[in-house]
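Examination of the molecular architecture
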Amino acid sequence: MSKKQTATEELYDVTIGGGGYVGLSLALALKQSEPSMKIALVDLRPRSAIENDPRSSAIAAGAVRMLDQLGIWYKLEDESQPITEMIVTDSKLHDSVRPIFLTFAGDVDDGEPFAHMVQNNHMVGALHDAATDAGVHIFAPDSVKDFAVEPAHVNITLGSGKSIQSRLIVAADGVRSKLRDLAGIQCNRWAYNQSGIVTTVAHERPHNGRAEEHFLPSGPFAILPLKGNRSSIVWTEKTAEANRLVNGDEFTFEIELERRFGHHLGELKLDGPRQAFPLNLVLARSFVSNRFALAGDAAHGIHPIAGQGLNFGFKDVAALSEVLVDAHRLGLDIGAAHILERYQSWRRFDTWQMGMTTDVLNRLFSNNIDPVRAVRDLGLGLVERMPFLKKHFIGEAAGLAGPSPKLLLGNPL
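The rules we used
- Residues numbered from 1 in each chain as written.
- Predicted model: local features only at pLDDT ≥ 70, side-chain atom pairs only at ≥ 80, totals over all residues.
- Heavy atoms only, no water.
- UniProt positions renumbered as here; feature names shortened; annotations may be inferred.
- Phe/Tyr/Trp six-rings, centres within 6.5 Å; stacked < 30°, edge-to-face > 60°.
- Helix = DSSP H or I, 4+ residues; strand = E, 2+ residues; numbered from the N terminus.
- Buried < 20%, exposed > 50% of the residue type's maximum accessible area, 1.4 Å probe, protein only.
- Lys NZ or Arg CZ within 6 Å of the ring centre and 35° of its normal.
- Pairing = 2+ DSSP bridges.
- Axes fitted to C-alpha atoms, helices over the stretch in contact; angles between N-to-C directions.
- Left-handed = near helix turned anticlockwise from the far one by under 90°.
- Contact = heavy atoms within 4.5 Å.
- Nonpolar A, V, L, I, M, F, W, Y, C, P; charged D, E, K, R; others polar.
- Core = buried A, V, L, I, M, F, W, Y, C linked by side-chain atoms within 4.5 Å.
- pLDDT = per-residue confidence, 0-100.
- Salt bridge = Lys/Arg side-chain N within 4 Å of Asp/Glu carboxyl O.
- Expected span 1.5 Å × (residues − 1).
- Patch = residues over 30% accessible without salt bridge, like charges linked within 9 Å, V, L, I, M, F, W, Y side chains within 5 Å.
- Areas by Shrake-Rupley, 256 points an atom, 1.4 Å probe, with all protein chains shown as cover.
- Lys, Arg positive; Asp, Glu negative; His and termini not counted.
- Charge placed at Lys NZ, Arg CZ, Asp CG, Glu CD.

In the nomenclature of an unreviewed UniProt entry, the chain is known as 2-octaprenyl-6-methoxyphenol hydroxylase of Pseudovibrio ascidiaceicola. Per its UniProt entry, the chain bears the Pathway (unreviewed entry) comment "Cofactor biosynthesis; ubiquinone biosynthesis." Annotation of the chain in UniProt includes, under Sequence similarities (unreviewed entry), the sentence "Belongs to the UbiH/COQ6 family."

1. Notes on the packing of aromatic side chains
Tallied over the entire structure, the rule returns five aromatic pairs. For the pair F147 and F292, a centre-to-centre distance of 5.6 Å together with 15° between the ring planes defines the contact as stacked. Of the two residues, F147 is situated in strand 11 (residues 144-149) and F292 in strand 21 (residues 292-294); the sequence distance between them amounts to 145 residues. Both residues of the pair, F147 and F292, count as buried. Between F221 and W235 the ring centres are 5.7 Å apart and the planes differ by 70°, which places this aromatic pair in the edge-to-face class. Residue F221 is located in strand 16 (residues 219-226), and its partner W235 is located in strand 17 (residues 230-238); the two are separated by 14 residues in the primary sequence. Judged on exposure class, the residue F221 and its partner W235 are both buried. Taken together, the aromatic side chains of F221, W235 and F253 make up a single cluster linked through ring pairs. Sitting over the ring of Y12, K38 keeps its end group 4.9 Å from the ring centre. For R274, the ring lying beneath its charged end belongs to F253, and the centroid distance is 5.0 Å.

2. Some thoughts on the pairing of strand 16
Moving residue by residue along a regular strand, the side chains alternate between the two faces of the sheet. Among the eight residues of strand 16, eight are classified as buried, and the element is accordingly described as predominantly covered. If you look at the hairpin formed by strand 15 (residues 210-216) and strand 16, you'll find two residues sitting between the two strands. Pairing of strand 16 with strand 17 involves six bridges; the strand directions are antiparallel. Bridge pairing links I223 to I233 in strand 17.

3. Re the packing of helix 1 (residues 21-33) against helix 4 (residues 120-134)
A packed helix pair is summarised by two numbers, namely the angle formed by the two axes and the spacing between the axes. At a minimum axis separation of 9 Å, helix 1 and helix 4 run at an interaxial angle of 35°. Like other packed secondary-structure pairs, helix 1 and helix 4 cross with a definite hand, here left-handed. Of the residues in helix 4, those in contact with Y21, L24, S25, L28 and K31 of helix 1 are M123, V124, L127, H128, A130, A131 and A134. When the residues that make up the contact of helix 1 with helix 4 are grouped by side-chain class, the tally is nine nonpolar, two polar and one charged.

4. Regarding the nonpolar core
Core analysis: the largest hydrophobic core is formed by 77 residues, its most contacted members being V14 and M123. The leading source of residues in this core is helix 8 (residues 309-329), at 10 residues. Sequence-distant contacts of V14, that is, excluding residues within four places in its chain, are made with L30, M37, K38, I39, A40, S166, L168, V170, L324 and I334. With 16 residues, the next largest nonpolar core counts V201, I233, V246 and L257 among its residues.

5. Considering the sheet that holds strand 4 (residues 81-83)
For sheets, the rule is that strands pair by backbone hydrogen bonds, running either parallel or antiparallel. Taken in spatial order, the three strands make up an open sheet running 3-9-4, and their pairing is antiparallel. Two strands bound the open sheet, and with one partner strand each, they are strand 3 (56-60) and strand 4. Within the sheet, the average angular offset between the axes of one strand and its neighbour, ignoring direction, is 30°. Note that strand 4 and strand 9 (residues 115-119) share three bridges and pair antiparallel. When the sheet's bridge partners are listed, P82 is paired in strand 9 with H116. In the packing of helix 2 (residues 61-69) onto the sheet, contacts are made with strand 3 and strand 9, and the angle to strand 3 comes to roughly 90°.

6. Topic: the confidence of the model for the chain
Of the residues in the chain, 91% reach a pLDDT of 70 or more, and the chain-wide mean stands at 90. Low confidence marks residues 1-7, where pLDDT is under 50. Its contacts with residues over four positions away, or in another chain, come to 14 contacts.

7. Points about the pattern of salt bridges
Note that side chains of opposite charge can pair when their charged atoms are close. Following the criterion strictly, the structure yields 19 salt bridges and no others. With a shortest N-O distance of 2.5 Å, D333 and R291 are connected by a salt bridge. Placement of D333 in the loop between helix 8 and helix 9 (337-365) and of R291 in the loop between strand 20 (288-289) and strand 21 is noted, with a sequence separation of 42 residues between them. Between R347 and D316 there is a salt bridge, and its shortest N-O distance comes to 2.7 Å. Of this pair, R347 sits in helix 9 while D316 sits in helix 8, and the two are 31 residues apart along the sequence. If you follow the salt bridges from partner to partner, you end up with E237, E256, R259 and R260 in one network.

8. Thoughts on helix 4
Its 15 residues place the ends of helix 4 21 Å apart at the C-alpha level, agreeing with the 21 Å of an ideal helix rising 1.5 Å per residue. All of the buried residues in helix 4 are N120, N121, M123, V124, G125, A126, L127, H128, A130 and A131. Among the residues trailing helix 4, G135 stands out with phi positive, at a value near 105°.

9. So, a negative patch on the surface
On the surface, D68, E77, D78 and E79 cluster together into a patch of negative charge. Tracing the chain through its elements places E77 in the loop between helix 3 (73-76) and strand 4.

10. Notes on the environment of L158
Here L158 lies in strand 12 (residues 154-158). With 16 residues separating them in the primary sequence, L158 and D142 have C-alpha atoms 6.7 Å apart.

11. Topic: unusual backbone geometry
A cis amide bond, omega -5°, links A140 with the succeeding residue P141. Looking at the element boundaries, P141 is found in the loop between strand 10 (137-139) and strand 11. Here N208, not a glycine, exhibits a phi torsion of approximately 60°, which is positive. As for its position among the elements, N208 is in the loop between strand 14 (187-203) and strand 15. Judged by relative accessible area, N208 falls into the exposed class, the value being 64%.

In structure tokens, the structure reads:
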């Protein structure tokens, strides 16, 4: 039997657990599109902690359109770096020459690059401020300690001791999602025994907006352009070696970095902290449950080889917000199973397909077997010579392949 709402239990339409880019952009999209909706967001971090994230992310063109529609891109554009070109090489670490097998250049539309590099703290900070201004109720620092599903709502207990109710709860609390575990949703997992080293470097010469991905035996080494003569590094290594490099002295790290980076941009210097993150494939077996939905890394953690993890999170936001807003405008129960199933059918196959694709690519390129290298290099060369295939891959990189939600097209809900 559903307990009655008490004076201390506020009833929200949607409660979101997790205040990263997924949780905040979902809250903002819902509140901006339907101001009458009551939206709550629960985050372990206070607003001040957002400034401490030194990382940067590649934001695809579709996600940029969504951020523009949400009214925050103008705050980020001047500090963002357009990616105007991308090259792909395949070599051994000691090779003196790295032949370029594949190049991507050009805009999605006239004057619209297929991606931008944006600092995470700028993006998440702008989303947080916009969500607050729009009227999203943010509980921070706080957490969802537990929840119980009733026929018409969810009873939610926060870590602070406060109790609230909600018609729907959305887990956007990352790849190690506590809310996913509380909902009893199982995952398919695979550990790669690899870690992604993330840092920022300053270099002597300009990058001219060019991104580089070098396939090396230990995994991909990506150089992503930032504002000024700076680049973000996403460097895949075996976990033991990654830990040694990150925890060792700076001089050794810079020597190993230079071996992989090369000398084409002149002298290198570390311009940020070194961090290492274990890489795993994590795919939720279901994206929804009773009055419950997963979004972002809580639903899927994929290898960064294709650079699509963050952008797939934004796709989740665009699809889920469109489904919920449509249902709300029709006066339907936004937590009902058939409403949430529409979201799952939109996103789950696409996500599993990308998860399997990145898994195969990582296995194909993270090895030093000469016959395998010959086959994959032949494949890269064929793509380079087929403009229609390159156009398709640019569309994928821009986040605009397949049926796109309205926000990714830059349209209002």
